[in-house]
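Residues per chain, in single letters:
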Amino acid sequence: MKFLIRILLTAVAVVLLAKFLPGVTVAGYVTAIIVAVVLALLNLIVKPILVILTLPVTVITLGLFLLVINAVIILLADAFVSGFGVDGFLIALIFSLLLSLLQTILYSILGSD
């Protein structure tokens, strides 16, 4: 049940960010839910592989390279989901930062940790 709540909260965050952030488009609410599921799968499968492969760079940059990995995950979700668009790497970086912040706020408000 927590997984479904987290997916729905992420979908709400994606819709909100698409409305306020220029360069990010979402076709509808169903697309936002699909984006949330794809992001969850990419974070589960692809992100650990990228983190391990880029470990030396991540250590040298004191963890800041993880922001780049998050932006790459957003761009991968853009490639996989039609109806979801991100205009470039910088927008993906800003989107990933704001999405993480918004998810943290929403999860803490609803207590779904």
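Our subject is the structure listed above.
One structure accompanies this document, and this report is about it. (Residues numbered from 1 in each chain as written. Predicted model: local features only at pLDDT ≥ 70, side-chain atom pairs only at ≥ 80, totals over all residues. Heavy atoms only, no water.)

1. A closer look at the packing of aromatic side chains
Piece 1. The full count for this structure, using the stated rule, is one aromatic pair.
Piece 2. Between the aromatic rings of F84 and F95, the centroid separation amounts to 5.9 Å while the plane-to-plane angle is 50°, which identifies the pairing as tilted. With F84 in strand β2 (residues 84-86) and F95 in helix α5 (residues 89-110), this pair connects stretches of sequence that are 11 residues apart.
Piece 3. When its relative accessible area of 4% is taken as the criterion, F84 is described as buried. (Phe/Tyr/Trp six-rings, centres within 6.5 Å; stacked < 30°, edge-to-face > 60°. Helix = DSSP H or I, 4+ residues; strand = E, 2+ residues; numbered from the N terminus. Buried < 20%, exposed > 50% of the residue type's maximum accessible area, 1.4 Å probe, protein only.)

2. Things to note about unusual backbone geometry
Piece 1. In this structure, L62 takes a positive phi of about 55° despite not being glycine.
Piece 2. Relative to the helices and strands, L62 resides in the loop between α3 (55-60) and α4 (65-80).

3. Focus: the packing of helix α2 (residues 29-53) against α4
Piece 1. For the pair α2 and α4, the least separation of the axes is 10 Å and the interaxial angle reads 135°. Viewed along their axes, α2 and α4 adopt a mutual orientation that is oblique. Handedness of the α2/α4 crossing: right-handed. Within the contact between the two elements, α2 uses V38, L39, L42, N43, V46, K47, L50 and V51 and α4 uses L66, I69, N70, V72, I73, I74, L76, A77 and F80. (Axes fitted to C-alpha atoms, helices over the stretch in contact; angles between N-to-C directions. Parallel < 35°, antiparallel > 145°, perpendicular 65-115°, else oblique. Left-handed = near helix turned anticlockwise from the far one by under 90°. Contact = heavy atoms within 4.5 Å.)

4. Notes on the nonpolar core
Piece 1. Core analysis: the biggest nonpolar cluster contains 29 residues, and V14, L39, I74, F84, F95 and L99 have the highest contact counts within it.
Piece 2. Looking at this core, the elements with two or more residues in it are α1 (2-20), α2, α4, β2 and α5.
Piece 3. Top element by residues in this core is α1. It accounts for eight residues.
Piece 4. Beyond its immediate chain neighbours, meaning those up to four positions away, I74 contacts L39, F84, V86, A92, F95, S96 and L99. (Core = buried A, V, L, I, M, F, W, Y, C linked by side-chain atoms within 4.5 Å.)

5. Remarks on the environment of A77
Piece 1. Positionally, A77 belongs in helix α4.
Piece 2. Expressed as a C-alpha distance, the spacing of A77 and S108, which sit 31 residues apart in the sequence, is 25 Å.
Piece 3. Filtering out sequence-adjacent residues up to four positions away, A77 remains in contact with V38, L39, L42 and F84.

6. Considering the packing of α1 against α2
Piece 1. Following both chains from N to C, one finds α1 and α2 inclined at 120°, their axes separated by 8 Å at the closest point. Looking at the two axes, α1 sits oblique to α2. Crossing angle aside, the handedness with which α1 passes α2 is right-handed. Together, F3, I7, L8, T10, A11, V14 and V15 of α1 and Y29, A32, I33, V35, A36, V37 and A40 of α2 make up the contact between the two elements.

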